[in-house]
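# Residue-level structure breakdown
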Amino acid sequence: MTRFERLRLDGVTRRFGGVDALAGLSLEIRRGEFIALLGPSGCGKSTALNCLAGLLPLSSGSIWRDDTRLDTLPPEKRGFGMVFQNYALFPHMSVQKNVSFGLQMRGVPRAEARRRTADAIRLVHLEEHARKLPGQLSGGQQQRVAIARAVVVEPSLVLMDEPLSNLDAKLRLEMRTEIRRLHQALGLTTVYVTHDQEEALSLADRLVVLRDGRVQQIGSPEEVHTRPVNRHVADFMGYRNLLPGSADGAYTKINNTGVRVKGTPIGSVSDGSPVVAAIRPEDVSLTGDLEATVEVAEYQGREIAAEVRTDDGLVLHVRTGQRHAPGDKVRLGFPPDRLLIFPADAS
Amino acid sequence: MSTATVALRHRLAERGVDTQMLLLVPATVFVVALFIYPFGYGLAVSLQPREGGMLAAYQGFFSDAYQRDTIMTTLWIALPAALLNVAASVPIAYRMRGRFRGKRLLTTVLVVPITLGTVLTAEGLLNFLGPAGWFNRFLLTTGLTDAPIRLTNNYWGVFFSLVITGFPFAFLLVLSYLSGIDPSLERAAATLGAGWRQRFFRITLPLLAPGLATTFCLTFVLAFSVFPSAILVGDPSGSTRVISIAAYEAAYVRYDYAAASAAAIIMGVVELIVIAIVLGLRGLLYTGSTAGGKG
C-alpha cells in the first residue's frame, strides 16, 4: 500500500461546455477516513469522483497525495481502486481473473498474486464462485467481486460510485454493513458517492454535501444531520417541512398564516427578513397548541407518517407512534431547538 | 374425474406455435424461391453432365489445372482482402467509438465507397493507379521511379478494389460491435493499473473478437464472389482468374451448364469451409454479454 497521510483536493473544478459541473472542491482526506460525497443527482458528486480517479481531466485545481501531485497522472498511475455503479466486471474473465487483474497489471509475482487473490475472494465470501463468470452471479455477488477487485491491490484510496444503487433494499443494508466492515478491517481510505442520505450518514466519518457543483457543507454525520448550514442541506437531510416566513423578533411568522413559531436561527437572520423555518416530520410534537386535521396517513410499521393541514391551510408532515386516521384532529407543537430558521435568500 | 382440457391454441402457443409465426412467411417464401430452389436446380444441373457419369463435371473441374487453380487464386485474393478490411477497421472504429464533433461527417466519408459500385470504383482505380494515372505520373515526375509501377490489371488492382468496397462494410460492423462494449470496462481496467495497450488487448479485443470473426466471414463472402473488378482492373486470364470467371466461361463461352453449375457449387462449398473454420474458432472465444454488470 502506498503510505500516505493526507490526500488533498485543492479547488478541483470541472466544466462541461461552460457550465461548472464541479466548482472549487477543496477537501483534505486523512488516511483511514471514510468520506461520503452526498447530493441530489446532477450535483457534481460523480464528477468529483471521476476527477479523483483520473477518468475526467480537471478544468482547474489540483490533487495531491502528500507531496505528490496526482491530477497530472493518468488513472492507471494513481494507484486508486474504484467500484463502479454498474460494477464494470470484465464479462469474459472468471471471478478469480477479475480480482487478480489489478495485481497482474502491477507486476505482482505470480505466487503472491494467487495468494492475495484467494484472500480477497475469501474476504467477500465468494470462494465457491471463484471460477464462475460474472454473468453467472447475482447482483449482490457481482457487487462483492467489484469490491474485492478494487481492494486486492491495496489502493491508497478506494472510490465507490453509488455501489449499492442497483441492489434491492435488503441486500443494500447487508452490503452497507459489509462495506463498512471491510473499510475498518483493511484500514482503507474510502470516498463514497451516494444520493442516499441514510447511507451516507451510517457509513461515513465525514460528509461532503454538494449542490449544483458547489460544496454546501463538510462535517460529521451528526453535524450535518442536526445542524445543516442552509435550507438546501436541510431539505436534503430530511427536513421535509420547509415553511417560508419572515423573522419577527425572536419569532418567525409563517407566510399566509397566523402561525408564529420560535426556533433556532442558523446564520444571520435580521428582523423582518424572509426566512425558511425547517423541521423534520419526526420532530414535530403532537402535544402542542396548533390545531390541524390529518389528511393522509401512511402506515410505516411502528409509526405512521401523516400529512396534516392547519385551519389556515398550512400543510405539514409529521411522524407519530399514535394511530391516526384521516379526519382526526391533532394539536401540533414545534420544539424550538429542533426548528431551524434559515435566511431565505441563502443559496 | 376428467381434467379440464386446455384450449388447443394455448397448447400450441406453449410450443411456440402462434399467429406471430405468420411473420416468418414472407422471408420463408423468399428463401425458398430465391435460394433453395435455384440451389437445388444448380446442384441437379451439375450432376447431369452432357457426357460421363454423374460426377463428371466435378471430375472435369478438378482434373483441369486451369479450372482447379481458380480456387487458390480466389482465396489468395479474398482472404487477404477480408483480413485487411477487418484489421484496418479495428483501429479506426476504436478511435471513433464514443461521441465527438464531426463523427457523422467522418463516418459518411468512410462509408460512401459502399454506394459507388464496383464499376465506378474500377474506373477510378484505372484513372488513379493505372500506368498513365495520377499516381504513376506523380512518381515519374518526382523521379521516384523511372518506369510506371503496375498496380492495375493485375492482382493489386483487384485487391485495392475489394478493399475500397469492402472496408466501409467491415468498418460499420466493427463500429457497432465496439459501441456495444460497455465503456466502463476500460475505465475499470485503467483504475486497476492497465495502460492503453493492456486495456485494448486484455479487455476490448477479447470482447470484440467474436464480432471480428463474424465481420470477417461477411467481408470474405463478398470478396470471394468478386467478378466485375477481377475483369475490369484485374488480369482475368492469369493472376486474377477467379472461380466466378471459370463458372462464367463455362456457362456463356462453352455453354457447358453442368460444368458452370459444378464450379458454382464448388465455390459455395469452399466458402462454407472457410466460414465453418472461422466460426469454429469463434466458438472457442467468449461470446457472452459485453456489459459490465447490471445496468
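Residues numbered from 1 in each chain as written. Chains lettered and ligands numbered in written order. Predicted model: local features only at pLDDT ≥ 70, side-chain atom pairs only at ≥ 80, totals over all residues. Heavy atoms only, no water.

The cut-off we apply is this: UniProt positions are given in the numbering used here, feature names are shortened, and annotations may be inferred rather than shown by experiment.
You'll find chain B entered in an unreviewed UniProt entry as ABC transporter permease subunit, with Actinoplanes aureus given as the organism. In its Sequence similarities (unreviewed entry) section, the UniProt record describing chain B reads: "Belongs to the binding-protein-dependent transport system permease family. CysTW subfamily." Recorded under Subcellular location (unreviewed entry), the UniProt text for chain B is reproduced unchanged: "Cell membrane".

With an unreviewed UniProt entry as reference, chain A is termed ABC transporter ATP-binding protein, source organism Actinoplanes aureus.

## With respect to the overall build of chain B
Defined as follows: Helix and strand assignments follow DSSP, with helices taken as H or I runs no shorter than four residues and strands as E runs no shorter than two, numbered in order from the N terminus. Each radius of gyration reported is based on C-alpha atoms, and the globular scaling rule is 2.2 Å times the count of residues to the power 0.38. Between two residues, a contact is recorded if the distance between any of their heavy atoms is within 4.5 Å. Residue-level accessible areas treat just the shown protein chains as cover; the underlying method is Shrake-Rupley with a 1.4 Å probe. Neither His nor the chain ends is counted toward charge; the positive residues are Lys and Arg and the negative residues Asp and Glu. Think of each charge as sitting on NZ of Lys, CZ of Arg, CG of Asp or CD of Glu.
Scanning chain B for helices and strands turns up 13 helices and zero strands. Listing each helix as α and each strand as β along chain B from the N terminus yields α-α-α-α-α-α-α-α-α-α-α-α-α. Computed over its C-alpha atoms, the radius of gyration of chain B comes to 25 Å, more than 25% above the 19 Å expected for a compact globule of 295 residues. C-alpha atoms of chain B, sized along the principal axes, occupy 90 × 65 × 30 Å. For chain B, long-range pairs separated by at least 24 residues make up 72% of all intrachain contacts whose partners lie at least 6 apart in sequence. Here chain B has roughly 17100 Å² of accessible surface; of this, 69% comes from carbon and sulfur atoms. One way to put it: in chain B the 21 positive side-chain charges average out to a point 17 Å from where the 13 negative ones average out.

## Structural notes on the UniProt feature "domain: ABC transmembrane type-1" (unreviewed entry) in chain B
Taking the UniProt record as the reference, the feature "domain: ABC transmembrane type-1" (unreviewed entry) is found at residues 71-278 of chain B. Structurally, residues 71-278 of chain B is divided into 75% helix and 0% strand, and its ends, taken at the C-alpha atoms, are 18 Å apart.

## Details of the packing of aromatic side chains
For clarity, the cut-off: Two rings from Phe, Tyr or Trp (for Trp, the six-membered ring) form a pair when their centres sit within 6.5 Å of each other. Planes less than 30 degrees apart are called stacked, planes more than 60 degrees apart edge-to-face, and all others tilted. For every residue, the accessible area (1.4 Å probe, protein chains only) is compared with the maximum for its type, and the residue is labelled buried under 20%, exposed over 50%, or partly exposed between those bounds. Sitting over a ring, as applied to charges here, requires NZ of Lys or CZ of Arg to be within 6 Å of the ring centre and within 35 degrees of the ring normal.
According to the stated counting rule, one finds 20 aromatic pairs over all chains in the structure shown. With 5.7 Å between their ring centres and 40° between their planes, Phe34 of chain A and Tyr192 of chain A make a pair best called tilted. Taken together, the positions of Phe34 of chain A in strand E3 (residues 34-38) and Tyr192 of chain A in strand E8 (residues 190-194) put the pair 158 residues apart, joining distant regions of the chain. Owing to a relative accessible area of 0%, Phe34 of chain A belongs among the buried residues under this scheme. Aromatic pair Phe35 of chain B and Phe39 of chain B: ring centres 5.9 Å apart, planes at 25°, arrangement stacked. One end of the pair, Phe35 of chain B, and the other, Phe39 of chain B, are both in helix H2 (residues 25-46), four residues apart, so they sit about a helical turn from each other. Classification of Phe35 of chain B as exposed rests on a relative accessible area of 52%. Among the aromatic residues, ring-to-ring pairing joins Trp76, Tyr155, Trp156, Phe159 and Phe160 of chain B into one connected group. Across from the ring centre of Phe90 of chain A, 4.6 Å away, lies the NZ or CZ of Arg149 of chain A, which sits over that ring.

## Quick word on the domain arrangement of chain A
All names here are of chain A. To keep it simple, the criterion reads: All domain edges in this entry derive from an automatic or database-based domain assignment. When two parts are put together, the accessible area they lose, computed with a 1.4 Å probe and summed over both, is reported as buried area. Any carboxyl oxygen of Asp or Glu within 4 Å of a side-chain nitrogen of Lys or Arg constitutes a salt bridge here. We call two N or O atoms a polar contact when they sit within 3.5 Å, provided that within protein one can donate a hydrogen and the other can accept it, with sequence-adjacent residues counted only if both atoms are side-chain atoms. Residue classes follow a fixed rule: Ala, Val, Leu, Ile, Met, Phe, Trp, Tyr, Cys and Pro count as nonpolar, while Asp, Glu, Lys and Arg count as charged, and any other residue, Gly among them, counts as polar.
Domains assigned within chain A are domain 1 (6-231) and domain 2 (238-343). For domain 1 versus domain 2, the separation of C-alpha centres amounts to 38 Å. With eight residues of domain 1 at the contact, the number on the domain 2 side is 10 residues. Here domain 1 meets domain 2 over a buried area of about 740 Å², counting both sides, of which 57% is carbon and sulfur. It is Arg227, Pro228 and Arg231 that lose the most area in domain 1 upon contact with domain 2, and together they represent 65% of the buried surface on that side. The interface formed by domain 1 and domain 2 includes zero salt bridges. For the pair domain 1 and domain 2, the number of links is three residue pairs in polar contact (both at pLDDT 80 or more). Per-class residue counts for the side of domain 1 that touches domain 2 are two nonpolar, four polar and two charged.

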